[in-house]
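Here is what each chain is made of, one letter per residue.
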Amino acid sequence: MNEFKQGMGIHSMWGLSPSFDLLSSQGRCGVGLGCSYCCCSCCCCNCESASDQKQQDINILLANPGDVRHVLHTLGRRHRHNHPRYKIHIFLLEPEIEILARHILQLKIFLDEHVPIRHRASLYLELYNALVSRRAYDYVEQSGKELGEFVYYEKRDGAGVSSSYPVDDDGQENKEEEDQEEELTLLRQLVDLSWLKQKERDALYHVFHKEWLHSDDKQQEHHVKVLRDFRLRGYYRDRYDCRHNVSEWDYYARVKHAAGIIHVDQWRKWRMTGIAYEFGNTTYDQQNLTMITTTQGTIKSGPSRGLSKDVKGYWLDILNGPYVSHGVEVDSEHMYARGLLEVLNKGTGAEQYRHHTVEVAMFNLMDFMWEFKTGARYEMKTQHDIFSGLVSIDNSHGKETKVLPPSHPQYPNSEESTESRQRKTALHDDGITIIPLLGDLDNLLSKKKKYQGRFDYVFLSQRVAQWFGSDKFKSILRIQSPPPPENEVQDPHDRRPSPSPSSDCHPYPCPCPCHYNVQHRNINAQVEVESGKFIFQIKEKDQIALYERIKNMAEIQGFAEIPSSRKNPNTNSDINEAPWNKNTFLFQATP
């Protein structure tokens, strides 16, 4: 077990579960979770009793997610959810400032419309490599300079953003600064840094403006390739010279059955070099500065022996790989998308996937980016060609755009122009805010009163799953009194007229329980815990033991396991979907 922990590393920059839409279990009313009637235009969603209620936010906490995969998935799908009265706050909690800085960089890439979608997706995936291309290397440095200015932007009374850029004598910003302003507009609207302390924002600025800058010193002592090799030597020890064979053994013993879409050559190259995603004939020979993190170490010799010291290094996972976040499942119902997981030669003993994990990850990211930009779902025009959905080019901006007729069912708004719809997606009136937080989950449970009773949904990665059993864990969840008996559907003192049914609603009276929940704020918080399905180094019996342990903690804390309301993504895993073999375990709190 100590060897396993050593291989998993201290910090994480990718997840151990595939991405999913955080709002997929939120009802259209924005109250409660998993309302089965909110898929229609239910009359109670627009009833007078609902509109009279005070607006209440939906707060989501992601504890040590490793990356922003769930956030990107949610942003891409956000137009499918109707939350007319509720603002959605997504809190990203990470233990190290370097990881938060990387999250913000990933969000910037996702929102950077100056880069075509195809290049944005490949650039985003390159950041999972220990060695990147020169293009990505320069992009990280330039983004660090821009994000350094972004750190000290502050919103004023919700009216906009104050600029710290210098202006010329005429009061006009330079052209280059205006371009930077335009690139960061969406990021400023989505990300709220006001929850960070001033010293944390200073540390974030230091990462952007100092740690990510190119220098000769970093090329030698702190080169990612050298630091990762130290980790490999410490993990393999006497097996270092045969690590190639060890990697192949691990693949066929577990990876192939759990995620066969990952090709053995891709897996082997990542374990050996840290390069997971390769595109074309690109050369990957530049270090990824975003992967260098700092941890507390102890001086072992000299006059300062025994004292603690911050140590820079490659303290990330060297066992599982970054493929699971985006590259093992496809969240699309289109028949061509399902073909990305097609298995050839079934039943012959020589089964082989037609595509591989890099193609799946590229499709998923382009799908999120496309839908976020246009409001329409990304669809391939040619089978087995993931880029065939990029059907036309807007020459004025050099970006892919999809032209839909006004009568098309996925046309966002037939009365608006394409440019108007794209600008509308940039506005913050959809109510989604991303809030980075620095620290351990223990701080939220014991030291921060402002987080008590705040969250409607909490996602726990495997690195912090043990806190689910804490006596203080339930204190951060928003839980209220239980609902009344089923036959009590309305307050007898409520003299307001009953809502009239809409034409496309269920027969009146409406059976949707959200009508009562809107009036009484009956919110049942949910907790989702990452499973061990994609921890490739543990055996089946260990996965079962992990599930039983999490379930036991839930029962002690008063949580009940519930089925997820999400549609099952397309996957071709050879392992049956046993209760202990899900991607995540979903629990609902009881009052």
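Residues numbered from 1 in each chain as written. Predicted model: local features only at pLDDT ≥ 70, side-chain atom pairs only at ≥ 80, totals over all residues. Heavy atoms only, no water.

1. So, the packing of helix α4 (residues 97-111) against helix α5 (residues 117-126)
Going by this rule: Axis lines are fitted through C-alpha atoms, for helices just across the contact stretch, and the angle between N-to-C directions can take any value from 0 to 180 degrees. In DSSP terms, a helix is any run of H or I states spanning at least four residues, a strand is any run of E spanning at least two, and both are numbered starting from the N terminus. By definition in this entry, angles of less than 35 degrees are roughly parallel, angles greater than 145 are roughly antiparallel, angles of 65 to 115 are roughly perpendicular, and the rest are oblique. With the far helix as reference, a near helix turned anticlockwise by less than a right angle produces a left-handed crossing, and one turned clockwise produces a right-handed crossing. Contacts are assigned to residue pairs that have any heavy atoms within 4.5 Å of one another. Any residue that is not Ala, Val, Leu, Ile, Met, Phe, Trp, Tyr, Cys, Pro, Asp, Glu, Lys or Arg is counted as polar, Gly included; the first ten are nonpolar and the last four charged.
At a minimum axis distance of 9 Å, the contact between α4 and α5 shows a crossing angle of 165°. When the axes of α4 and α5 are compared, the pair comes out roughly antiparallel. The two elements α4 and α5 meet at a crossing, and its hand is left-handed. Note on element contacts: α5 touches α4 through R120, L123 and Y124, opposite Q106, I109, F110 and L111. Taken together, the residues of the contact of α4 with α5 break down into 5 nonpolar, 1 polar and 1 charged.

2. Examining the sheet that holds strand β1 (residues 58-63)
What counts here: Paired strands are those between which DSSP finds at least two bridges.
Strands sit in the order β13-β2-β1-β14-β15-β17-β16 across an open sheet of 7 strands; the sheet is mixed. The open sheet is flanked by β13 (432-438) and β16 (559-561), the only strands paired with a single partner. Here the average twist between neighbouring strands, direction ignored, is 20°. Relative to strand β2 (residues 88-94), β1 runs parallel, the two sharing 6 bridges.

3. What to know about the side chain of E141
Just so we agree on the cut-off: Three exposure classes are used, based on accessible area relative to the maximum for each residue type with a 1.4 Å probe and protein chains only: buried under 20%, partly exposed in between, and exposed over 50%. Lys and Arg are tallied as positive, Asp and Glu as negative. Neither His nor the chain termini are counted. Salt-bridge detection follows one rule: a side-chain nitrogen of Lys or Arg within 4 Å of a carboxyl oxygen of Asp or Glu.
Its location among the elements puts E141 in helix α6 (residues 134-151). K145 is the oppositely charged side chain nearest to the buried, salt-bridge-free E141, at an N-O distance of 4.6 Å. Residue contacts for E141: discarding those within four places in its chain leaves W212, L213 and H214.

4. As for α5
Most of α5 is tucked away, with 8 of its 10 residues classed as buried. If you check which residues of α5 are buried, you get I117, R120, A121, S122, L123, Y124, L125 and E126.

5. Observations regarding the pattern of salt bridges
A full pass over the atoms with the stated rule returns 18 salt bridges. Among the ionic pairs, K108 bridges to D112, the shortest N-O distance being 3.7 Å. Across this residue pair, the class does not change: K108 and D112 are buried. Bridged by salt links that share partners, the residues R77, R80, D331, D367 and E371 form one connected network.

6. Points about the pairing of strand β14 (residues 457-460)
Residue alternation in β14 divides its side chains into two sets, Y457 and F459 and V458 and L460, and both sets are buried. Note: β1 against β14, 4 bridges, orientation parallel. By the bridge assignment for β14, I60 is matched with Y457. Here β14 pairs with strand β15 (residues 526-530) via 4 bridges, running parallel. When the bridges of β15 are listed, F459 appears paired with E528.

7. Focus: the packing of aromatic side chains
The line we're drawing: When two rings of Phe, Tyr or Trp (its six-membered ring) have centres within 6.5 Å they constitute a pair, described as stacked for plane angles under 30 degrees, edge-to-face for angles over 60, and tilted for the intermediate range. The criterion for a charge sitting over a ring is simple: Lys NZ or Arg CZ within 6 Å of the ring centre, and within 35 degrees of the ring normal.
Summed over the entire model, instances satisfying the criterion amount to 25 aromatic pairs. Taking the centre distance of 5.2 Å and the plane angle of 70° together, the rings of F208 and W212 count as edge-to-face. Side by side, F208 and W212 carry an identical accessibility label, which is buried. Centroid distance Y251 to Y252: 5.1 Å. Interplanar angle 90°. Geometry classified as edge-to-face. Note that R243 overlies the ring of Y240, its terminal NZ or CZ placed 4.1 Å from the centroid. For K474, the ring lying beneath its charged end belongs to F559, and the centroid distance is 5.5 Å.

8. A closer look at the confidence of the model for the protein chain
The condition that has to hold: Per residue, pLDDT measures the predictor's confidence, with a range of 0 to 100.
Put simply, the protein chain has an average pLDDT of 79, and 71% of its residues get 70 or more. Contacts for the low-pLDDT stretch residues 392-429, under 50 throughout, to residues beyond four places or in other chains number 58 contacts. Low confidence marks residues 494-522, where pLDDT is under 50. Its contacts with residues over four positions away, or in another chain, come to 69 contacts.

9. Some points on α4
Keep this limit in mind: The span expected for a helix works out to 1.5 Å for each residue beyond the first.
The end-to-end C-alpha distance of α4, which contains 15 residues, comes to 21 Å, matching closely the 21 Å that a straight helix rising 1.5 Å per residue would cover. Of all 15 residues making up α4, 15 are buried, and the element is well covered by its neighbours.

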